[in-house]
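Each chain, letter by letter, is given below.
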Amino acid sequence: MKKPEETDGAPGRSRPAPTSEPIGELDADVRLLGGLLGETLRDREAPGTLERIDELRHAAVALRAGRLEGGRDGFAARFAALSLDELDGVAHAFTQLFHLVNAAEEQHRIRVLRRRDRKEAPPDGSVAAAVAELARAGVSADEMRAQVARLFVMPVLTAHPTEARRRTLLDHLAEVSQGLDQLDDPRPGARARRAIVDRLREAVCALYCTEEARTVRPTPLDEVRAGLHVFERTLLSVTPQIYRALEDALAASWPGEPFTVGPFLRWGTWIGGDRDGNPHVTAEVTRAALERQRRVALARYLEDVAALGRELSVSARRRPPPPELLASLAIDRDRLPEVAARVRRYQSEPWREKLWFMRARLEAARGRAEAGYPDARGYLDDLDLLSRSLAAPGMAPLVGGRLRDARRRAEVFGFHLASMDLRQHARVHEAAVAELLASGGVESYAGLDEPERALLLSRLLERPGLEPPRDRAQLSPPTRDLLATLDVVGRARRDTGPEACERYVVSFTSAPSDLLEVLFLCRAARLAPGELRPVPLLEQLQDLDSAGPFAERVLDLPPLAAAIGDELEVMIGYSDSGKQAGYVASAVALKRAQEALAEVAERRGVTLTIFHGRGGAIGRGGGPAGRSICAQPAEALRGRLRVTEQGETITARYGRPEIARRDLEQMLGALLTASLVERPPAKETQARAATLSRASSAAHRAYDRLLEDQARLVAYAIAATPIEEVAELPLASRPSTRRPGLSLEDLRAIPWVFSWAQSRHGVPGWFGLGSALEAVAKDEGAARLRELYQRWPFFRALVDNAQIALVRADIEVASFYARLAALPERELFGLIRDEHRRTVERVLEATGAGELLAAWPTIARTVERRNPSVDVLSHAQIELLARLRAAPPEARERIREILFITINGIAAGLQTAG
């Protein structure tokens, strides 16, 4: 960290004007922010604090270079000599530094994206580039029309607790980002630039004086507010740009050909609807979330109408209004006479007058007044009327600008904003159904086997009128709340439109009766048949392995076949399958499940939609989105994708408009071009399947050795990682375990992955891959490994994602965490270390490279530059964990507070949480 006097001059000149050398600009931003942080440290902290921090940073750099006397043992001893207050200062300073460096890197990505956009050729990964590639590959306009008609993309925002930063911190960092963005503009003079730097100084000071960790756990409605902020800040604006990009690309690649681009990109949310393991998400929370979503959508439409009112000042003398518009205005004047009296002066500008009436109807809709739009359809019809009435020579710019985007926004977001999924654990539905049946005289439901349950529920659902419970007050609180939630959903669908809530995700689905139970509960809450589609979530290895037969049984049951219609949607869980089976076996099981589901869907004549339950970390299905899409079985994609966006990935991908647009375009471009992935001959397909079986078996055996004694593994994780502290972090409203305690079975995958990343083991993101690759190399040769890596997208993604996890891990640092464990548990570290060595060696053999991530030198350099500062936080955390275990109860709270700071800092430094 640079001291203030080491910056490039006076504050107004400490950051040079933008140059053509992009890395130089990033370094300048980091120097500026580091200097401002140094100023804050010097002014606020005790003498010697800044010097201590700089000394530790230099020692960490020397350690990585092999020049530090005493090596890592000597480095660790420096932290043992620090007081708690000194450790607090070190943890806080380095955590703030990483927040600022991340803001600088984000601004640099935006800078690069803007320069790419200024180039004449479409940038790689853009929709324009993907569509042009399809045209060059010989795809005809008719084939493209069919592909566009199939398109369906729905990112689903969740409240999963992997965003370790407080909302307040994110707000301060947004100020920092805004300042850096303003400095990128070469037009302001020296005085204006000094003012910008002064504002940055304020933001850095405010950031430094803010606690990293939340003092209280957020409520579900806090999470709703955070999710809605993303819609307000970026998604409502960026989404029409994605549609525009596709429409323009199609017109450029197939000139003169007509294309109709329907509302393929929609948004989903679990925030306020996901109650699996979260007792704080109640029917009232779901109602409030749906209402707040409605208010955000309507507020944006009022902004659209106001902007259109300023723009569409078209005079009736210049463009005579068509009869259709005049007839609509006559109806509006009769419906809203008080508005008509106020806007009489605009009768010579009929389009502006119409927009005043639209504004009044939107305002009335907010209060659900009779004069308001009953739903988004009426508002959309009025926008369409405006478009048609302006269809004349020379008027195209007015139709194709703001009006075009406003219309697309209304089509996509409706009055619901995002379609809310309900989610609950299958065992909760089982208990509720058993209780309801018992109240009706059927006492034996819990004791029935699967065929008997399916038969009973099917017969009940086939009755034309299913008698709802007469007195809900006699039911248990969980069952009452479940039925009340379905009441809320029914009202929202009638009030806002069916898109408000369309799906009910059933966690830990293992049998068709799990889905029939949801249909039974919907009928008990007086929902009409087919109002909610039950979506199975397959996340255990045995359920993924039987995905094909499961889908067959679902389609054979008339109530389920009727409920899902012609679309079979199945959610596959990356997190719990990875925790249960390990990195490789989970990936293979997920791939096979998709292939089996695609085969069933093709044979039964239904459309398949795979809903990918991914997280941000590699161990939870994370990784570059475009590469992940291309690695999926093409037959399971066919232009359709639902995917969860969780925790810190929401902020990273959708926090800034330019990045949000890039990521969405990459997702769409990959989905469009996935059909161009080379299909190997049948013989090679069979050979790859055999290779995959061999690799998966070897990886599974390696992972089984790790899980062989689960009690020992849990004991090691508790001792050698901050898993207990991660579980206590007030990151989200949902508890970290499904049931009290810290057993491996009930521990959620998020703290599992989070804690292994913190302790630099990174086990969930790579463990077992070395054994898998070694088995393939032994039986088929190293040349075969390289061939598979070069020619098979799935295999390449498996290896490359593990490379990212491996460079974020550091087995030498992990060995110091391992010292915290008692000797019997510590033996597990030897197993982890051996598999790590094996994995690195075999990955390099497969890629043919001399170092990890050789094909992505920017990422590798970023990790290398960050490692010394992460080392400081890691060793501070190790020291704090040791003191916490030895401290008396009355001293633990203070240590735990500092530990929370290091958890935030390491997450920021590694740019990953859970």
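Bear in mind the structure is a predicted one, so any value in this text is a computation, not a measurement.

Quick notes on the rules
Residues numbered from 1 in each chain as written. Predicted model: local features only at pLDDT ≥ 70, side-chain atom pairs only at ≥ 80, totals over all residues. Heavy atoms only, no water. Axes fitted to C-alpha atoms, helices over the stretch in contact; angles between N-to-C directions. Helix = DSSP H or I, 4+ residues; strand = E, 2+ residues; numbered from the N terminus. Parallel < 35°, antiparallel > 145°, perpendicular 65-115°, else oblique. Left-handed = near helix turned anticlockwise from the far one by under 90°. Contact = heavy atoms within 4.5 Å. Nonpolar A, V, L, I, M, F, W, Y, C, P; charged D, E, K, R; others polar. Buried < 20%, exposed > 50% of the residue type's maximum accessible area, 1.4 Å probe, protein only. Pairing = 2+ DSSP bridges. Salt bridge = Lys/Arg side-chain N within 4 Å of Asp/Glu carboxyl O. Core = buried A, V, L, I, M, F, W, Y, C linked by side-chain atoms within 4.5 Å.

1. A word on the packing of helix 14 (residues 376–389) against helix 16 (residues 402–413)
(1) Moving on: Look at helix 14 against helix 16: their axes get within 10 Å of each other, and the N-to-C directions meet at 155°. As judged from the angle between their axes, helix 14 and helix 16 are roughly antiparallel. When you trace helix 14 past helix 16, the crossing you get is left-handed. Mapping the contact onto sequence places Y379, L380, L383, D384, L386 and S387 in helix 14 and L403, A406, R407, A410 and E411 in helix 16.
(2) Moving on: Classifying every residue of the contact of helix 14 with helix 16 by side-chain character gives seven nonpolar, one polar and three charged.

2. Some details on the pairing of strand 7 (residues 567–573)
(1) Moving on: Counting buried residues along strand 7, seven of its seven residues qualify, which places the element largely inside the surrounding structure.
(2) Moving on: Of the two faces of strand 7, both are covered, the one formed by E567, E569, M571 and G573 as well as the one formed by L568, V570 and I572.
(3) Moving on: Relative to strand 7, strand 6 (residues 533–538) is paired through two bridges, and the arrangement is parallel. Opposite L538, over in strand 7, you have I572 as the bridge partner.
(4) Moving on: When strand 7 meets strand 8 (residues 607–613), the two strands line up parallel, connected through seven bridges. By the bridge assignment, V570 is partnered in strand 8 with I610.

3. Side note on the pattern of salt bridges
(1) Moving on: In the structure shown here, the tally under the stated rule is 87 salt bridges.
(2) Moving on: Residue E303 is joined to R300 by a salt bridge in which the shortest nitrogen-to-oxygen separation is 3.9 Å. Of this pair, E303 and R300 both sit in helix 10 (residues 283–311), three residues apart, which is roughly one turn of that helix.
(3) Moving on: We classify R300 as buried; its relative accessible area is 14%.
(4) Moving on: The partner of D381 in a salt bridge is R377, with the nearest N and O atoms 2.9 Å apart. Taken together, the residues span about one helical turn, with D381 and R377 both in helix 14 at a distance of four residues.
(5) Moving on: In this structure D381 comes out as partly exposed when scored by relative accessible area, which is 38%.
(6) Moving on: Residue classification places R377 among the partly exposed residues on the basis of a relative accessible area of 45%.
(7) Moving on: Linked by salt bridges that have partners in common, E247, D248, R377, D381, D384, R404, R407, R408 and E411 make up one network.

4. Focus on unusual backbone geometry
(1) Moving on: Phi angles above zero are rare outside glycine, and R526 is one such case at about 70°.
(2) Moving on: Along the chain, the position of R526 falls in the loop between helix 20 (512–524) and strand 6.

5. Regarding the packing of helix 25 (residues 583–604) against helix 36 (residues 793–808)
(1) Moving on: For the pair helix 25 and helix 36, interaxial distance at closest approach is 12 Å and the crossing angle is 150°. On the basis of the axis angle, helix 25 is roughly antiparallel to helix 36. The way helix 25 lies across helix 36 gives a crossing that is right-handed. Contact residues: Y583, V584, A587, V588 and K591 in helix 25; F794, A797, L798, N801 and A802 in helix 36.

6. Topic: the nonpolar core
(1) Moving on: If you look at the biggest cluster of nonpolar residues, it comprises 91 residues, and the most contacted ones within it are L246, W267 and Y379.
(2) Moving on: A per-element tally of this core places helix 9 (residues 220–253) first, with 13 residues.
(3) Moving on: Ignoring any residue separated from it by four or fewer positions in sequence, one finds L246 in contact with V127, V131, L151, V261, F264, L668 and L672.

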